[in-house]
Amino acid sequence: VVRVGGRLMERLSDILRRGTLVMINFSQRNLGSNDAPLIRSAILTNPQLAVLKLGYNNLGNVGANLIAEAIHVGGGLIMRRSGSVGGGNGGDSQSQQLPLQQQQQQYRHHPSLSVLDLGFNNVGDEGCTSLANLAVARNPSLATLYLSGNAVREAGALALADVIAAGCGLTSLHLTANRICAKGVKGLMRSIAEFDVTMQMAQQDRENRMALEEEKKKRVMKSNNGNHTARGRGGEGGEEQDAILDSLELGDGDGDDGPDDFARLSGFKCIKELHLGGTNMESTGCLSVSNMLLTNLSLRVLCLSDNGLNDQDLSLFSQSISRNRQLPLETLRLSFNKLTCVGVETLMNAIWGSKTLREIKLDNNQIRDRGAQLAAVVLTSVELEVLDMGFNRLTIVGIKALMKSLAENCSLLTLTLSGNVLDTNASKAVSYALAYNKTIQKLYVDHCSLSYAAQRHIAAGIVSNSKLALRVMSGFPLGAISVTLGLPGAMENWTNEQVLKFIRVMWDRTRHEREDASSGEITSTIGAPEASVNTTSVNSTEKEEPKSGPSDPATVVAAAKGAFEALGDAGGALLLTEEPQRAISDTSPMVSSDAVMLEKTPSGTVRVPSLNEYPHEHFHTSNHETAPLDTSVSHASHASVDSLCTANGKSCPETPVDPEAKKRNMEWLRLHYRSLNEIIQLPYVYADLLQLYRYFYSSGEVDDEDSVHDGMPPPGPGFNLGTAPSPTPQKMSGLQRKISYRGLDIIAGGKSSMTIPSSNFSHASESSSKRRPMSEDESMQPPANKRARSGKPRIDYFPRLKALVESCLSSSKQTKALILLRQLKFVETTMFQGSNPYCDQSLQVEPNEPTALDAEIILIDMI
């Protein structure tokens, strides 16, 4: 957590007032009410601001009041107020006659702000009322209001209810963990129901009007056709035509005196997501929710977790769902209540055959096997994607019913069984389901008291499924158990995500080999008798049909062995996967992203804003370890400033160039732009990434022996991390550790077979950084044991690129990291043909020679 307050907030004030920001994320920044005026200023001066995240701070009621006022006046005034323009008896005199309340309604809300997150900010009824009356009321732009974890009570909830009934743009309302109690919930439900009915009636009225107008037009066209016929007979019928038009009274009817209700409500929306978990609503509040559902046609997400609901409450709730078959409910969360199989039975009967429901969470209740059996039956009629039965009281009977349904299910993506004891027999049922299922992607079996035998059963079901879709599994280390089944021993220390990806790659490879073999057999039959060709075609078709169910152990072990050998010595590093993305419904708007702020440029792109006029000493006094620019570079003809590239709290310096250097860099980029783009299209090769990583993270003291070829050929024999001698051998996973090697011979334990490019760097003489040619004998010698001029890795000369590369590697985006390193190597090789950038820049002979800073700026500009 980085504190964005005090001195740093003052430095950010210039950016906040630029008027180009589209997102501000100050979640978890320890902000207080004294920081609220600056946030208010940002809202007022940034009309394009769409997302404002301020969760997990302590803004309180004072901060909420200021933010609400800023949103209220964020768009300016629609009409001029009295005294703004002197004299006259025009519009100003009329505005003076308006009551103060009507003058306040002339304000236009902020035109772009759609997401406001004030969760966990100690906001009470006063702040909630201000937000309701100033920020939400009659505001068609604000769609998501996140107030979870505050101190809102009945008064604040009733204030929100009043503005919802009058019309607003809210579609998602988060009030979780606010003790609004039954009265607050009842007021909200009444307002939501009333406005939803109002919108339905307005929509129906609009449709009736349109149908009536269409009918009038048809009658007019019919009368016109009859009039033309009458005129053709003698010109009669003109007076009759006028009489018809007068009787229709088009354009002068009662319905055209003013805009209809639907036009009046234009821009306002009904609530689609309602989060009321932990609001202490109890039975009375649940009854209000049930009554609201009887007529609602808009609600899609409903969360009633942690409200002490029992079977009777769920029974009334289920009756409302069954009576309103047009309810488009997609997500229902009833976790942490007091539900048993009795209530679950009424719920399953109500949702039977639902065409919209996709997620049900029933974890942390008192459900037994009967409830699991009912859920298994519902899976046959409802295309559920998420089912959570965790931390209930399921035994082998309920687990078997669920697993039998899961084996044949084609829609379920996430299943949670955590907290239910899975003995050996239950684990066999899970293994059976996982061996046959083709769609499930996430399985959670934490705290299930899994024995060693149970783990082996589940692992066997996973590895034997040739159509496995599983990507996330928790509960036990899958790699270590898979090794006991005969899979490669290197998998023992892999993560579950790596193991699952390896299994999918393994079966994909096996499937492709079978297809290639089948196509080869077909090709070999060309020219053979017709009968034999037909027989081969039939046989190949039969081979292409994958076998349903688990594969035999010998096939699994052989497929794993072949796939692992194909991966090479890189092992699990090739199988690093990005962190699984949680669904939006599983996250909250308060989750911090990498960027603190985003702004929109004149060209329409979105970027992280730069911090001009930042004091340079800020980065020298920072507690974060950022790679500073070389002092010799900063004393060159480049003025150093800083930028706001705050990813996870780290600052990355940004340095513009002088006009001459910029012109020279642009000319170089114009000549080599196509080549840099072609590098992006190169395939991902782990050996290239490892080779380039070693090169740039080693010091610049070695001349050519540890450099790589321009074309980056595959590394020579012995290029294996596992053979690197070290006093304390350590395994490298994901290139997380930055190691500086003096040469590849040290790693391989012998001579490196990589090609030495002639355009790379050579020994620097004492008087110049110019390279001198290297003789053949000299190139075969091991690198001299000498100290570099700077003694730091090459990558440290490119601090911003270093931050990007390490960010990509840490988040498992290895392809992007490889592209950056390849482009950097290309720029280094082509730009510094006669000089060594990895030395003291003060030793340069020519003042216009390119520097490492130039190379970095070119790639940053491309990005």
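Worth saying up front: this structure is predicted, and the values here are computed from it rather than measured. Numbering of residues starts from 1 in each chain and follows the order in which that chain's sequence is written. Where totals are concerned, whole chains, interfaces and linings use all residues; where local detail is concerned, this predicted model gives features only for residues with pLDDT of at least 70, and gives and counts side-chain atom pairs only at 80 or more. With hydrogens and water excluded, all non-hydrogen atoms of the structure serve as input to the side-chain values.

Looking at the packing of aromatic side chains
- Under the pairing criterion, centres of Phe, Tyr and Trp rings, with the six-membered ring standing for Trp, must be within 6.5 Å; the plane angle then separates stacked pairs below 30 degrees from edge-to-face pairs above 60, leaving the rest tilted. In the structure shown here, the tally under the stated rule is 7 aromatic pairs.
- On the numbers, 5.6 Å between centres and 70° between planes, the contact of W494 with F502 is edge-to-face.
- For each residue, the accessible area found with a 1.4 Å probe, counting protein chains only, is set against the maximum for its type, and the residue is called buried under 20%, exposed over 50%, and partly exposed in between. Taking the relative accessible area as the measure of exposure, W494 reaches 10% and is therefore buried.
- A relative accessible area of 0% means that F502 is categorised as buried.

Let's talk about the packing of helix α2 (residues 36–45) against helix α3 (residues 60–72)
- Fitted lines through C-alpha atoms give the axes, limited to the stretch in contact for helices. The angle between two N-to-C directions lies from 0 to 180 degrees. Runs of E in the DSSP output that reach at least two residues are strands. Runs of H or I that reach at least four are helices, and both are numbered from the N terminus. At a minimum axis separation of 9 Å, α2 and α3 run at an interaxial angle of 15°. Taken together, the axes of α2 and α3 lie roughly parallel to each other. The hand of the α2/α3 crossing is right-handed. Between α2 and α3, the contacting residues are A36, P37, I39, R40, I43 and L44 on the first element and G63, L66, I67, E69, A70 and I71 on the second. Working definition: roughly parallel below 35 degrees, roughly antiparallel above 145 degrees, roughly perpendicular at 65 to 115 degrees, and oblique for all remaining angles. By convention the crossing between two helices is left-handed if the near helix lies anticlockwise of the far one by an angle smaller than a right angle, and right-handed if it lies clockwise. For this analysis, residues touch if any pair of their heavy atoms sits within 4.5 Å.

Structural notes on the pairing of strand β14 (residues 597–600)
- Side chains M597 and E599 of β14 all project onto a buried face; the interleaved residues L598 and K600 project onto a face where none is buried.
- When DSSP finds two or more bridges between two strands, those strands count as paired. Here 3 bridges tie strand β1 (residues 21–25) to β14, and the two strands are oriented antiparallel to one another. Note that in β14 the partner of M23 across the bridge is L598.
- Where β14 and strand β15 (residues 606–607) come together, 2 bridges link them in antiparallel fashion. Within the sheet, the bridge partner assigned to K600 lies in β15 and is V606.

Regarding the nonpolar core
- Ranked by internal contacts, the top residues of the largest apolar core, which has 136 residues, are L188, L274, V289, L302, L402, M403 and I462.
- Other than its neighbours up to four places away in sequence, L274 contacts L173, M189, I192, M292, L299, V301, L302 and C303.
- The next biggest cluster of nonpolar side chains, apart from the first, holds 30 residues, and it includes L669, L689, Y695 and C808. Remark: nonpolar core denotes a set of buried residues (Ala, Val, Leu, Ile, Met, Phe, Trp, Tyr, Cys) joined through side-chain atoms within 4.5 Å.

Quick word on helix α16 (residues 424–436)
- What a helix is expected to span follows from its residue count: subtract one and scale by 1.5 Å. Here α16 spans 19 Å end to end across 13 residues, near enough to the 18 Å set by a 1.5 Å rise per residue.
- Buried within α16 are the following residues: A426, S427, A429, V430, S431, A433, L434 and A435.
- Close packing links the buried residues of α16 with α15 (396–408), β12 (442–444) and α17 (452–463).
- Think of a polar contact as two N or O atoms within 3.5 Å of one another; within protein, one of them needs to be a possible hydrogen donor and the other a possible acceptor, and neighboring residues in sequence only count if both atoms come from side chains. Two or three places before N425, at the start of α16, stands the capping residue D423, its side-chain oxygen 3.3 Å from that residue's backbone nitrogen.

A few points about the confidence of the model for the chain
- With 65% of its residues at a pLDDT of 70 or more, the chain has an overall mean of 74.
- The score called pLDDT rates the predictor's confidence residue by residue, from a low of 0 to a high of 100. This stretch, residues 578–588, has a pLDDT under 50; its non-local contacts, to residues over four places away or in other chains, come to 13 contacts.

A closer look at the pattern of salt bridges
- A side-chain nitrogen of Lys or Arg and a carboxyl oxygen of Asp or Glu constitute a salt bridge if their distance falls within 4 Å. Taken as a whole and assessed by the stated rule, the structure comprises 11 salt bridges.
- In this structure, R511 engages D508 in a salt bridge whose closest nitrogen and oxygen atoms are separated by 2.5 Å. With a gap of 3 residues between them, R511 and D508 both fall in helix α19 (residues 496–524), about one helical turn apart.
- With a closest N to O distance of 2.7 Å, D796 and K802 form a salt bridge.
- On the accessibility criterion, D796 (15% relative accessible area) is buried.
- Here K802 falls in the buried class, since its relative accessible area comes to 14%.

So, the side chain of S288
- Relative to the helices and strands, S288 is located in helix α11 (residues 282–293).
- Judged by its relative accessible area of 10%, S288 is buried.
- Here S288 is in contact with K186 and M189, once residues within four sequence places are set aside.

Thoughts on the environment of G353
- Position of G353 relative to the elements: it lies in the loop between α13 (341–351) and β9 (359–361).
- On the basis of relative accessibility, which here comes to 25%, the residue G353 falls in the partly exposed class.
- The spacing of G353 and V378 is 25 residues in sequence and 8.0 Å in space, taken between C-alpha atoms.
- If sequence neighbours within four positions are ignored, G353 has contacts with R325, S381 and V382.

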